[in-house]
Amino acid sequence: MPPDNAATVVPGADVSFPQDGPTSGTAIARTGTSTFNLSAIGTYQVMFQVSVTEAGQLVLTLNGTELAYTVVGRATGTSQIVGMALVQVTVINSLITVRNPAVNTTALTITPLAGGATPVSANLVITQIV
């Protein structure tokens, strides 16, 4: 979280996941702080959580296109926005991101210290299932 990634995510911008966790295999690879390459055709389970300060939404994108069926959000509160979806990839080397939907009017403030003095993380888990 900040200072590792941007403190705000404007509408149409992608959430950064600047640190790597455990990985297995080569079918899923980072191509930037917010973009991940899915090298094989198939179905992927994508799960994410991001702590934000205000009400808002997040959506998965595939090759730059927002996947409407993956929009998640909350109307009030100051907790995480959590999402989980299956994404069908039909083209090799497809790129996936988590985005503040372009149609939204509010930037999302990434919360660096949610609930205590220790920085919290945003998490993204991508698993190829077929």
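Residues numbered from 1 in each chain as written. Predicted model: local features only at pLDDT ≥ 70, side-chain atom pairs only at ≥ 80, totals over all residues. Heavy atoms only, no water.

### Remarks on the pattern of salt bridges
1) Next: Evaluation of the coordinates by the stated rule reveals two salt bridges.
2) Next: The salt bridge partner of aspartate 14 is arginine 99, with a shortest N-O separation of 2.8 Å. Of this pair, aspartate 14 sits in the loop between β1 (8–9) and β2 (28–30) while arginine 99 sits in strand β9 (residues 94–99), and the two are 85 residues apart along the sequence.
3) Next: Overall, the relative accessible area of 23% leaves aspartate 14 in the partly exposed class. (Salt bridge = Lys/Arg side-chain N within 4 Å of Asp/Glu carboxyl O. Helix = DSSP H or I, 4+ residues; strand = E, 2+ residues; numbered from the N terminus. Buried < 20%, exposed > 50% of the residue type's maximum accessible area, 1.4 Å probe, protein only.)

### Concerning the nonpolar core
1) Next: In terms of nonpolar packing, the biggest core is built from 24 residues, with Val50, Leu58, Leu60 and Val87 touching the most fellow members.
2) Next: Taken together, the elements giving at least two residues each to this core come down to β3 (36–38), β4 (42–51), β5 (56–62), β8 (80–89) and β9.
3) Next: Every residue in contact with valine 87, bar those within four places of it in the chain, is listed here: Gly42, Thr43, Tyr44, Val46, Leu60, Leu62, Leu67, Tyr69 and Ile96. (Core = buried A, V, L, I, M, F, W, Y, C linked by side-chain atoms within 4.5 Å. Contact = heavy atoms within 4.5 Å.)

### Some words on the pairing of β9
1) Next: Along β9, five of the six residues are buried, which leaves the element largely enclosed by surrounding structure.
2) Next: Across three bridges, β3 lies against β9 in antiparallel orientation. Paired with asparagine 37 across the two strands is leucine 95, which belongs to β9.
3) Next: As paired elements, β5 and β9 share four bridges and run antiparallel to each other. From the neighbouring strand, leucine 62 faces β9, where its bridge partner is isoleucine 96. (Pairing = 2+ DSSP bridges.)

### Side note on the sheet that holds β4
1) Next: Strand order in the open sheet made by the three strands is β8-β4-β11, with antiparallel pairing throughout. Single-partner strands in this sheet number two, and they are β8 and β11 (123–128). Strand after strand, the sheet turns through a mean of 10° between neighbouring axes, direction not considered.
2) Next: As paired strands, β4 and β11 are joined by six bridges and run antiparallel to one another. Opposite tyrosine 44, over in β11, you have glutamine 128 as the bridge partner. (Axes fitted to C-alpha atoms, helices over the stretch in contact; angles between N-to-C directions.)

### Remarks on the pairing of β5
1) Next: Counting buried residues along β5, six of its seven residues qualify, which places the element largely inside the surrounding structure.
2) Next: Sheet topology places β5 next to strand β7 (residues 72–74); three bridges connect them, and they run antiparallel. For glycine 56, the partnering residue across the bridge sits in β7 and is arginine 74.
3) Next: Counting the residues in the hairpin turn of β5 and strand β6 (residues 65–66) gives two residues, including asparagine 63, whose phi is positive at 55°.

From the geometry alone we can't say anything about function, so treat these as descriptive.
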